[in-house]
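# Overview (structure and organization)
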Amino acid sequence: MGDEACAVCGYTGPAILRCSGCHQTFYCGQEHQRAHWQSHREKCKKTFSSSRTPASGLRDLQDDIQKMPKQETATAKRVDRVADVRRDKPKDTNGRLAPTTPSAPRFDAGEQLERARKLCEEQLWPEATDLLEKLLIELPDHPHPPFFLATSYHNMGRSADSIPFYEKALQLNPTLIHARLNLIKALCGTGRLREAVPHAAAACEHEPQSAARRFELGVLHTQLGDSMAASQSYIKAIKMDACFKEAYINNDAALLQLGSTKACEKYAKLAVEQTERGAMQFWTHPLQRPPQHVPGLRSRPWHDPEDFPWMKRLEAAFPEIRQELLQVMASDVAGQSWGKVGERSTHDASLVRSGEWREFPFLCGGGAHARNCALCPRTAAILTAIPEAVSLAELGMGETLFSVITEQTHLRPHC
């Protein structure tokens, strides 16, 4: 699949998950994919259509097709001319017209192109493909047949076959923005990210005021590991749309990769200003920049235990939990269950600048850690009795674990 980058944290190792909607956004794991969904949902719909649904731009071409002059093949013209000139038709001995072979049906290219568009909208890809292959011959200089044919191939799972036809459509009409966007999608889907970059840049030139185009170019740079170019694109998107939450999130991740914490704070302040103006509900402090945001959730360093009924039960069980923690820390067998932070979730690997940070998970990665729960049965029983802890683990939104940081360990700033 090649190296991609998590849209939440910017991790640039092998991508684990790809958004099944737009196919352009990647995540290091289910935790960040689920956490990002609320903010990604609308942009997912706007970015690129799913590879199993009609590619974008089909309906937008309808008016152009209907305005086309009625076209027909040279063969059809010749047959019609002969059929219409009755004096040239053969006659029998009584002067009556002799039986003739029916004339070939007229091939109206404009009508057939509209029919091909409708077939694509109805997702009748094989039928559309057969018709469009004929239209490529009948209309060699028209950009719509290769665009529709590329769309058909693309939605049939033949992304590689669609690429030359998207390119052909763009040669005939470089301003056909939907062909360019779908070409970017096809190139990314086949791992040809670098080839997609100039097309994404051309899309920015075609729509110079579109923040979405700048954002998409930034995502490509992020996937290619070019954090500097990615940040530049995200910043341009933010300047065009000061309420572009995804651009703030991805720019923050790119700047963190570059080690530019001051720049992170600078652009976070812009987002905070928009929140204070009531333009959007997002970050409320430049030092707290979570990739997921829940409107109404209060930002504070410590929460009141009274807000969480299960806290009293957890505090009351502290002696039992502490005893099991000391046991697993002293046990050589249990020691095998202590892993380094970043081994399970790759995006955490960059958090430790020096030293060592180890963890002993109980609830994580979609459910309970069976081995560790068996080693600490009382702790496991207490934790699994807290519905919030269980549901967060099942949804990939949070974890419950023991954590040990050795002396002189330094962590990079993170949320």
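As recorded by an unreviewed UniProt entry, the protein chain carries the name MYND-type domain-containing protein and is attributed to Cymbomonas tetramitiformis. Turning to the protein chain, the UniProt record has this under Sequence similarities (unreviewed entry): "Belongs to the aspartyl/asparaginyl beta-hydroxylase family."

With that settled, consider the nonpolar core. Within the largest apolar cluster, 37 residues are counted, with the highest numbers of intra-cluster contacts made by Leu132, Leu135, Phe147, Tyr166, Ala179, Ile184 and Leu220. At the level of secondary structure, the elements contributing two or more residues to this core comprise helix 4 (109-121), helix 5 (125-138), helix 6 (144-155), helix 7 (159-172), helix 8 (177-189), helix 9 (193-206) and helix 10 (211-223). The greatest single-element share of this core, amounting to 8 residues, is contributed by helix 8. Judged by nonpolar contacts, the second largest core, of 18 residues, contains Trp310, Trp338, Leu383 and Ala389.

Turning our eyes to something else, we now look at the pairing of strand 5 (residues 357-364). Within a regular beta strand, the side chains point alternately toward one face of the sheet and then the other, so they alternate between its two faces. Burial analysis of strand 5 places 7 of its 8 residues in the buried class, which makes it a mostly covered element. Examined bridge by bridge, strand 3 (residues 339-340) and strand 5 share 2 bridges and lie antiparallel to one another. Paired with Lys340 across the two strands is Arg358, which belongs to strand 5. Note: strand 5 against strand 6 (residues 367-368), 2 bridges, orientation antiparallel. The residue of strand 6 that forms the bridge with Leu363 is Ala368. Taking the residues that link successive antiparallel strands as the turn, the strand 5-strand 6 hairpin has 2 residues, and the phi of Gly365 there is positive, at about 55°.

Before going further, it helps to spend a moment on the UniProt feature "repeat: TPR" (unreviewed entry) in the protein chain. Sites flagged by UniProt as "repeat: TPR" (unreviewed entry) map to residues 143-176. Along residues 143-176, the helical share is 76% and the strand share 0%, with 8 Å between the first and last C-alpha atoms.

Next up on the list: the packing of aromatic side chains. Any pair of aromatic rings gets described here by the distance separating the centres and the angle formed by the planes. Counted according to the given criterion, the structure contains 13 aromatic pairs. Their ring planes at 55° and their centres at 6.2 Å tell us that Phe147 and Tyr166 sit as a pair that is tilted. Linking Phe147 in helix 6 with Tyr166 in helix 7, this pair joins segments that are 19 residues apart in sequence. Here the two residues Phe147 and Tyr166 agree in accessibility, since each one is buried.

Next up on the list: the confidence of the model for the protein chain. Confidence along the protein chain averages 80 in pLDDT terms, with 75% of residues attaining 70 or more. Averaged pLDDT values for the elements of the protein chain fall to 38 in helix 3 (residues 74-84) and rise to 96 in helix 11 (residues 227-240). The low-confidence segment residues 46-56 (pLDDT under 50) makes 43 contacts with residues lying over four places distant or belonging to another chain. Within the model, the stretch residues 61-88 combines pLDDT values under 50 with 40 contacts to residues more than four positions away or in other chains.

Summarising the element assignment, Tyr267 is placed in helix 13 (residues 261-276). Between the C-alpha atom of Tyr267 and that of Pro286, which follows or precedes it by 19 residues, the distance is 8.1 Å. Those residues in contact with Tyr267 that lie beyond four places of it in its chain are Ile235, Tyr248, Asn251 and Leu255.

With 13 residues, helix 10 extends 19 Å between its outermost C-alpha atoms, agreeing within 8% with the 18 Å of an ideal straight helix rising 1.5 Å per residue. Buried residues dominate helix 10, accounting for 12 of its 13 residues. Among the residues of helix 10, Ala211, Arg213, Arg214, Phe215, Glu216, Leu217, Gly218, Val219, Leu220, His221, Thr222 and Gln223 are the ones counted as buried. The backbone nitrogen of Ala212 has a side-chain oxygen 3.4 Å away, supplied by the residue at the start of helix 10, namely Ser210. Looking one or two residues beyond helix 10, the residue adopting positive phi is Gly225, at roughly 85°.

Moving on, we get to the pattern of salt bridges. Side chains carrying opposite charge are able to pair once their charged atoms draw close together. Scanning the model with the defined rule gives 11 salt bridges in all. One salt bridge connects Lys312 with Glu306, and the closest N-O pair in it is separated by 4.0 Å. The same class applies to Lys312 and to Glu306, which are both exposed. Here Glu320 makes a salt bridge to Arg378, at a shortest N to O gap of 2.9 Å. A residue pair is termed long-range when its members are at least 10 positions apart, and Glu320 in helix 15 (residues 318-330) and Arg378 in helix 18 (residues 377-384) qualify at 58 residues. We classify Glu320 as partly exposed; its relative accessible area is 35%. Given a relative accessible area of 40%, Arg378 falls into the partly exposed group.

Moving on, we come to the environment of Ser233. Within the element layout of this structure, Ser233 appears in helix 11. Of the residues examined, Ser233 reaches a relative accessible area of 5% and is grouped as buried. Placed 13 residues apart in sequence, Ser233 and Leu220 show a C-alpha to C-alpha distance of 9.9 Å. Aside from chain neighbours lying at most four places away, what touches Ser233 is Arg214, Leu217, Gly218 and His221.

Over its 13 residues, helix 4 runs 18 Å from end to end, which matches the ideal 18 Å to within 8%, given 1.5 Å per residue. At the N-terminal boundary of helix 4, the capping side chain belongs to Asp108, with an oxygen 3.1 Å from the backbone nitrogen of Gly110.

The rules behind each value
- Residues numbered from 1 in each chain as written.
- Predicted model: local features only at pLDDT ≥ 70, side-chain atom pairs only at ≥ 80, totals over all residues.
- Heavy atoms only, no water.
- UniProt positions renumbered as here; feature names shortened; annotations may be inferred.
- Core = buried A, V, L, I, M, F, W, Y, C linked by side-chain atoms within 4.5 Å.
- Buried < 20%, exposed > 50% of the residue type's maximum accessible area, 1.4 Å probe, protein only.
- Helix = DSSP H or I, 4+ residues; strand = E, 2+ residues; numbered from the N terminus.
- Pairing = 2+ DSSP bridges.
- Phe/Tyr/Trp six-rings, centres within 6.5 Å; stacked < 30°, edge-to-face > 60°.
- pLDDT = per-residue confidence, 0-100.
- Contact = heavy atoms within 4.5 Å.
- Expected span 1.5 Å × (residues − 1).
- Polar contact = N/O pair within 3.5 Å; in protein donor to acceptor, adjacent residues only side chain to side chain.
- Salt bridge = Lys/Arg side-chain N within 4 Å of Asp/Glu carboxyl O.

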